[in-house]
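Below are the chains, spelled out letter by letter.
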Amino acid sequence: MTIKLRPAAEDDLPFLNRLISDPESTGLHQWYGFQDPHGMRRRWEENGMLHDDGGLLLVADGDDRVGLVTWSKQLTSRVAYCWEMGIIVAPEFRGKGNGTRAQRLLVRYLFDHSPVNRVQATTEISNLGEQRALEKAGFTREGVLRGVGFRAGEWHDGVMYAVIRADLDTRI
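Residues numbered from 1 in each chain as written. Predicted model: local features only at pLDDT ≥ 70, side-chain atom pairs only at ≥ 80, totals over all residues. Heavy atoms only, no water.

Trainee: Got a minute to help me understand the pattern of salt bridges in this structure?
Mentor: Close approach of charged atoms lets side chains of opposite charge pair. With the rule as written, the count across this model stands at 10 salt bridges. A salt bridge links Arg65 to Asp12, with the shortest nitrogen-to-oxygen separation between them at 2.5 Å. A residue pair is termed long-range when its members are at least 10 positions apart, and Arg65 in strand E4 (residues 64-77) and Asp12 in the loop between strand E1 (3-7) and helix H1 (13-21) qualify at 53 residues. A relative accessible area of 0% means that Asp12 is categorised as buried. Within the structure, one salt-bridge network assembled from shared partners comprises Arg6, Asp11, Asp12 and Arg65. (Salt bridge = Lys/Arg side-chain N within 4 Å of Asp/Glu carboxyl O. Helix = DSSP H or I, 4+ residues; strand = E, 2+ residues; numbered from the N terminus. Buried < 20%, exposed > 50% of the residue type's maximum accessible area, 1.4 Å probe, protein only.)

Trainee: When you look at H1 in this model, what are you seeing that I'm missing?
Mentor: For the α-helix, the turn length of 3.6 residues means that residues three or four positions removed from each other point alike. The set of residues buried in H1 consists of Leu13, Phe15, Leu16, Asn17, Leu19 and Ser21. Elements that come into contact with the buried residues of H1 comprise helix H2 (23-26), helix H3 (39-47), strand E3 (54-61), E4 and strand E5 (80-89). (Contact = heavy atoms within 4.5 Å.)

Trainee: Explain helix H4 (residues 98-113) to me, please; I cannot follow it from the model alone.
Mentor: When the terminal C-alpha atoms of H4 are compared, their 22 Å separation across 16 residues agrees well with the 22 Å that a helix rising 1.5 Å per residue should span. Here H4 has its buried residues at Asn98, Gly99, Thr100, Ala102, Gln103, Leu106, Val107, Leu110 and Phe111. (Expected span 1.5 Å × (residues − 1).)

Trainee: Is there a simple way to explain the pairing of E4 in this structure?
Mentor: Relative to E4, E3 runs antiparallel, the two sharing eight bridges. Its bridge partner being in E4, Asp61 is matched across the sheet by Asp64. Sheet analysis places E4 next to E5, joined by 10 bridges and oriented antiparallel. Bridge pairing in E5 places Thr70 opposite Gly86. Hairpin connection from E4 to E5: two residues lie between these consecutive antiparallel strands. (Pairing = 2+ DSSP bridges.)

Trainee: What's the story with the environment of Gln30 in this structure? I'm lost.
Mentor: In this structure, Gln30 sits in the loop between H2 and H3. For Gln30, a relative accessible area of 28% translates into the label partly exposed. A sequence separation of 32 residues divides Gln30 from Gly62, and the C-alpha atoms of the two residues are 25 Å apart.

Trainee: Looking at this model, I keep getting lost on the packing of aromatic side chains. Mind explaining?
Mentor: Aromatic ring pairs are defined here through the distance separating the ring centres and the angle between the ring planes. One pass over the structure, following the stated rule, counts three aromatic pairs. Taking the centre distance of 5.9 Å and the plane angle of 65° together, the rings of Trp71 and Tyr109 count as edge-to-face. Pair noted here: Trp71 is in strand E4 and Tyr109 is in helix H4, with a separation of 38 residues, a long-range link. With relative accessibility at 34%, the residue Tyr109 sits in the partly exposed group. An angle of 80° between the planes, with centres 5.4 Å apart, marks the rings of Tyr81 and Trp83 as edge-to-face. Its end group placed over the ring of Tyr81, Lys73 keeps NZ or CZ at 4.3 Å from the ring centre. (Phe/Tyr/Trp six-rings, centres within 6.5 Å; stacked < 30°, edge-to-face > 60°. Lys NZ or Arg CZ within 6 Å of the ring centre and 35° of its normal.)

Here it is in C-alpha coordinates:
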(Lines give C-alpha, C1' and ligand atoms only; values in the text may rest on other atoms or scores of the structure.)
Protein backbone atom coordinates (compact mmCIF):
# COMPACT_ATOMS: atom_id res chain seq x y z
CA MET A 1 0.00 0.00 0.00
CA THR A 2 1.27 3.44 -0.96
CA ILE A 3 -0.77 5.98 0.97
CA LYS A 4 -0.49 9.54 -0.34
CA LEU A 5 -2.09 12.85 0.54
CA ARG A 6 -3.37 15.07 -2.25
CA PRO A 7 -5.61 18.10 -2.69
CA ALA A 8 -9.27 17.31 -3.26
CA ALA A 9 -10.53 17.40 -6.83
CA GLU A 10 -14.07 18.15 -7.92
CA ASP A 11 -14.81 14.47 -8.55
CA ASP A 12 -13.81 13.71 -4.92
CA LEU A 13 -16.68 15.76 -3.51
CA PRO A 14 -19.28 12.92 -3.42
CA PHE A 15 -16.78 10.73 -1.53
CA LEU A 16 -15.99 13.54 0.94
CA ASN A 17 -19.71 14.19 1.49
CA ARG A 18 -20.18 10.49 2.18
CA LEU A 19 -17.46 10.58 4.84
CA ILE A 20 -19.04 13.46 6.75
CA SER A 21 -22.78 12.96 6.14
CA ASP A 22 -23.47 9.24 5.93
CA PRO A 23 -23.75 7.64 9.39
CA GLU A 24 -22.65 4.30 7.91
CA SER A 25 -19.43 5.89 6.62
CA THR A 26 -18.52 8.32 9.39
CA GLY A 27 -18.44 5.67 12.07
CA LEU A 28 -19.63 5.98 15.65
CA HIS A 29 -17.10 8.60 16.75
CA GLN A 30 -17.51 10.95 13.76
CA TRP A 31 -21.31 11.06 13.35
CA TYR A 32 -22.47 14.58 14.26
CA GLY A 33 -25.69 14.65 12.25
CA PHE A 34 -26.40 15.42 8.64
CA GLN A 35 -24.32 18.19 7.07
CA ASP A 36 -25.07 20.79 4.42
CA PRO A 37 -24.84 18.74 1.20
CA HIS A 38 -23.43 21.75 -0.66
CA GLY A 39 -20.92 22.87 2.01
CA MET A 40 -18.02 20.85 0.64
CA ARG A 41 -18.60 22.18 -2.88
CA ARG A 42 -18.70 25.79 -1.67
CA ARG A 43 -15.45 25.34 0.26
CA TRP A 44 -13.81 23.58 -2.68
CA GLU A 45 -14.90 26.32 -5.10
CA GLU A 46 -13.72 29.05 -2.72
CA ASN A 47 -10.18 27.82 -2.06
CA GLY A 48 -9.78 24.14 -2.94
CA MET A 49 -10.15 23.44 0.83
CA LEU A 50 -6.66 24.81 1.43
CA HIS A 51 -6.04 28.09 3.25
CA ASP A 52 -3.61 29.71 5.69
CA ASP A 53 -5.56 28.62 8.77
CA GLY A 54 -6.04 24.98 7.83
CA GLY A 55 -7.15 22.63 5.16
CA LEU A 56 -8.33 19.26 3.95
CA LEU A 57 -6.42 16.70 1.91
CA LEU A 58 -7.64 13.46 0.45
CA VAL A 59 -5.98 10.24 1.59
CA ALA A 60 -5.45 8.02 -1.45
CA ASP A 61 -3.93 4.67 -2.32
CA GLY A 62 -3.41 4.81 -6.08
CA ASP A 63 -6.86 5.45 -7.55
CA ASP A 64 -8.63 4.41 -4.33
CA ARG A 65 -10.02 7.15 -2.12
CA VAL A 66 -9.21 6.04 1.43
CA GLY A 67 -10.26 9.00 3.58
CA LEU A 68 -9.53 12.59 4.47
CA VAL A 69 -7.25 14.49 6.82
CA THR A 70 -7.86 18.00 8.11
CA TRP A 71 -5.92 20.55 10.12
CA SER A 72 -6.72 23.90 11.67
CA LYS A 73 -4.74 26.61 13.40
CA GLN A 74 -5.09 26.70 17.19
CA LEU A 75 -3.67 29.68 19.05
CA THR A 76 -1.43 28.61 21.93
CA SER A 77 -0.39 32.12 23.02
CA ARG A 78 -0.56 35.66 21.75
CA VAL A 79 2.35 34.98 19.39
CA ALA A 80 2.21 31.24 18.70
CA TYR A 81 -0.05 28.56 17.32
CA CYS A 82 -0.13 24.81 16.70
CA TRP A 83 -2.05 22.64 14.26
CA GLU A 84 -5.00 20.50 15.37
CA MET A 85 -5.51 17.60 12.99
CA GLY A 86 -8.27 15.11 12.31
CA ILE A 87 -8.90 12.11 10.11
CA ILE A 88 -11.76 10.06 8.75
CA VAL A 89 -11.01 6.76 7.02
CA ALA A 90 -13.70 5.12 4.89
CA PRO A 91 -15.10 1.97 6.53
CA GLU A 92 -13.70 -0.36 3.87
CA PHE A 93 -10.15 0.88 4.60
CA ARG A 94 -10.22 0.91 8.43
CA GLY A 95 -8.08 -1.37 10.56
CA LYS A 96 -5.34 -1.73 7.92
CA GLY A 97 -2.85 0.93 9.06
CA ASN A 98 -4.06 3.54 6.58
CA GLY A 99 -4.91 6.07 9.29
CA THR A 100 -1.50 5.73 10.91
CA ARG A 101 0.29 6.22 7.58
CA ALA A 102 -1.88 9.22 6.66
CA GLN A 103 -1.32 10.85 10.05
CA ARG A 104 2.45 10.45 9.73
CA LEU A 105 2.35 12.04 6.29
CA LEU A 106 0.26 14.96 7.50
CA VAL A 107 2.58 15.62 10.45
CA ARG A 108 5.58 15.67 8.10
CA TYR A 109 3.74 17.96 5.70
CA LEU A 110 2.75 20.41 8.45
CA PHE A 111 6.24 20.55 9.97
CA ASP A 112 7.83 20.92 6.52
CA HIS A 113 5.56 23.77 5.43
CA SER A 114 4.97 25.83 8.58
CA PRO A 115 7.00 27.02 11.56
CA VAL A 116 4.83 25.31 14.19
CA ASN A 117 6.42 23.27 16.94
CA ARG A 118 3.34 21.18 17.78
CA VAL A 119 0.68 19.12 16.01
CA GLN A 120 -2.11 17.85 18.22
CA ALA A 121 -5.13 15.59 17.87
CA THR A 122 -8.00 14.70 20.14
CA THR A 123 -10.28 11.71 20.07
CA GLU A 124 -13.01 10.34 22.27
CA ILE A 125 -11.79 8.30 25.20
CA SER A 126 -13.76 5.31 23.88
CA ASN A 127 -12.12 5.47 20.42
CA LEU A 128 -9.38 2.95 21.15
CA GLY A 129 -8.58 2.32 17.47
CA GLU A 130 -7.78 5.98 16.87
CA GLN A 131 -5.71 6.14 20.07
CA ARG A 132 -3.63 3.18 18.85
CA ALA A 133 -3.24 4.79 15.41
CA LEU A 134 -2.04 8.08 16.94
CA GLU A 135 0.47 6.30 19.16
CA LYS A 136 1.78 4.28 16.19
CA ALA A 137 2.06 7.55 14.24
CA GLY A 138 4.40 8.94 16.93
CA PHE A 139 1.99 10.96 19.06
CA THR A 140 2.24 11.11 22.85
CA ARG A 141 -0.87 10.85 24.98
CA GLU A 142 -0.99 13.98 27.11
CA GLY A 143 -4.18 13.65 29.10
CA VAL A 144 -7.93 13.35 29.40
CA LEU A 145 -10.20 16.27 28.50
CA ARG A 146 -13.34 15.87 30.58
CA GLY A 147 -16.68 16.55 28.88
CA VAL A 148 -15.07 18.10 25.80
CA GLY A 149 -17.12 16.64 22.95
CA PHE A 150 -20.86 16.59 22.31
CA ARG A 151 -22.13 13.73 20.16
CA ALA A 152 -25.31 11.64 20.07
CA GLY A 153 -27.02 13.79 22.69
CA GLU A 154 -24.31 13.35 25.31
CA TRP A 155 -21.04 14.93 26.43
CA HIS A 156 -18.00 12.69 26.01
CA ASP A 157 -14.51 12.77 27.48
CA GLY A 158 -11.64 13.12 25.05
CA VAL A 159 -7.95 12.30 24.99
CA MET A 160 -5.30 14.79 23.81
CA TYR A 161 -2.31 13.58 21.81
CA ALA A 162 0.55 15.65 20.41
CA VAL A 163 3.84 15.43 18.57
CA ILE A 164 6.46 18.17 18.60
CA ARG A 165 9.35 18.80 16.24
CA ALA A 166 11.87 17.27 18.64
CA ASP A 167 9.95 13.98 18.34
CA LEU A 168 10.45 13.72 14.59
CA ASP A 169 13.84 12.02 14.58
CA THR A 170 12.87 9.52 17.22
CA ARG A 171 9.25 8.64 16.43
CA ILE A 172 7.97 9.81 13.06
